[in-house]
Amino acid sequence: MDDTQQSDNQLELIPKPKSEPKKVPHLTLASVESSNIRSIGYCLETQILGVKFNDGSVYLYAGVAGPVWDQLQAAESKGSFLSREIRDRYACTKLMGLS
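Owing to the predicted nature of the structure, the values given are computational and were not obtained by experimental measurement. (Residues numbered from 1 in each chain as written. Predicted model: local features only at pLDDT ≥ 70, side-chain atom pairs only at ≥ 80, totals over all residues. Heavy atoms only, no water.)

Peer 1: Got a minute to help me understand the overall build of the protein chain in this structure?
Peer 2: When helices and strands are tallied, the protein chain shows two helices and seven strands. The order of α-helices and β-strands along the protein chain, N terminus first, is β-β-β-β-β-β-α-α-β. With 99 residues in all, the protein chain has 26% of them scored as buried. In the protein chain, 32% of the contacts between residues at least 6 apart in sequence involve partners at least 24 apart. Per element, the accessible surface of the protein chain, about 7500 Å² overall, is 50% carbon and sulfur. (Helix = DSSP H or I, 4+ residues; strand = E, 2+ residues; numbered from the N terminus. Buried < 20%, exposed > 50% of the residue type's maximum accessible area, 1.4 Å probe, protein only. Contact = heavy atoms within 4.5 Å. Areas by Shrake-Rupley, 256 points an atom, 1.4 Å probe, with all protein chains shown as cover.)

Peer 1: What exactly am I supposed to notice about the side chain of Ser 39 here?
Peer 2: Within the secondary structure, Ser 39 sits in strand S4 (residues 37-43). Dropping the residues within four chain positions of it, Ser 39 is found in contact with Leu 29, Ala 30, Ser 31, Val 32, Gly 50, Val 51 and Lys 52.

Peer 1: Any chance you could explain the packing of aromatic side chains here in plain terms?
Peer 2: Going through the model one piece at a time under the given rule, you end up with two aromatic pairs. A ring pair is formed by Tyr 42 and Trp 69, whose centres lie 5.4 Å apart and whose planes are at 10 degrees; its orientation type is stacked. A residue pair is termed long-range when its members are at least 10 positions apart, and Tyr 42 in strand S4 and Trp 69 in helix H1 (residues 66-74) qualify at 27 residues. Summarising the burial analysis for this pair, Tyr 42 and Trp 69 share the class buried. Measuring from centroid to centroid gives 5.6 Å for Phe 53 and Tyr 59, while their planes differ by 85 degrees, and the two rings are edge-to-face. (Phe/Tyr/Trp six-rings, centres within 6.5 Å; stacked < 30°, edge-to-face > 60°.)

Peer 1: For this particular structure, what's the right way to read the sheet that holds strand S3 (residues 30-31)?
Peer 2: The strands making up a sheet are joined through hydrogen bonds of the backbone, oriented either antiparallel or parallel. One open sheet holds the five strands; their spatial order is S3-S4-S5-S6-S7, and the pairing between them is antiparallel. The open sheet has two edge strands with one neighbour each: S3 and strand S7 (91-95). Seen against the sheet, H1 touches S4 and strand S5 (48-53) and runs at an angle of roughly 155 degrees to S4. Against the sheet, helix H2 (residues 78-86) touches S4, S5 and strand S6 (58-62), its axis set at about 135 degrees to S5. (Pairing = 2+ DSSP bridges. Axes fitted to C-alpha atoms, helices over the stretch in contact; angles between N-to-C directions.)

Peer 1: Please clarify how the packing of H1 against H2 should be interpreted in this entry.
Peer 2: The geometry of a pair of packed helices is captured by two quantities: the angle between their axes and the separation between those axes. It is at 8 Å that the axes of H1 and H2 come closest, and there the two elements cross at 150 degrees. Considering their axes alone, H1 and H2 lie roughly antiparallel with respect to each other. Along the contact surface, H1 presents Val 68, Gln 71, Leu 72 and Gln 73, while H2 presents Lys 78, Phe 81 and Ile 86. For the contact of H1 with H2, the class distribution of residues is four nonpolar, two polar and one charged. (Parallel < 35°, antiparallel > 145°, perpendicular 65-115°, else oblique. Nonpolar A, V, L, I, M, F, W, Y, C, P; charged D, E, K, R; others polar.)

The structure is reproduced here in structure tokens:
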């Protein structure tokens, strides 16, 4: 019956899966020494950097290459590095409802 299935007098749309569902990579945040940042984490597979700030806000930065992640981890000032090398250079999403 193509993309629909009928039961009784109701028509239900049942989408056909186009492919196997993608696995959502897990992002673990690790505490860091910083006056502004509580924790950071990175997924090499998706190139997503997660940053949790001391105020509880969480941001995800997309397209961050592995070497940039390495530099962030090694930076003496994580907040300064984030501001200078990441904040205005990568697409960013603020996660809502987290603290």
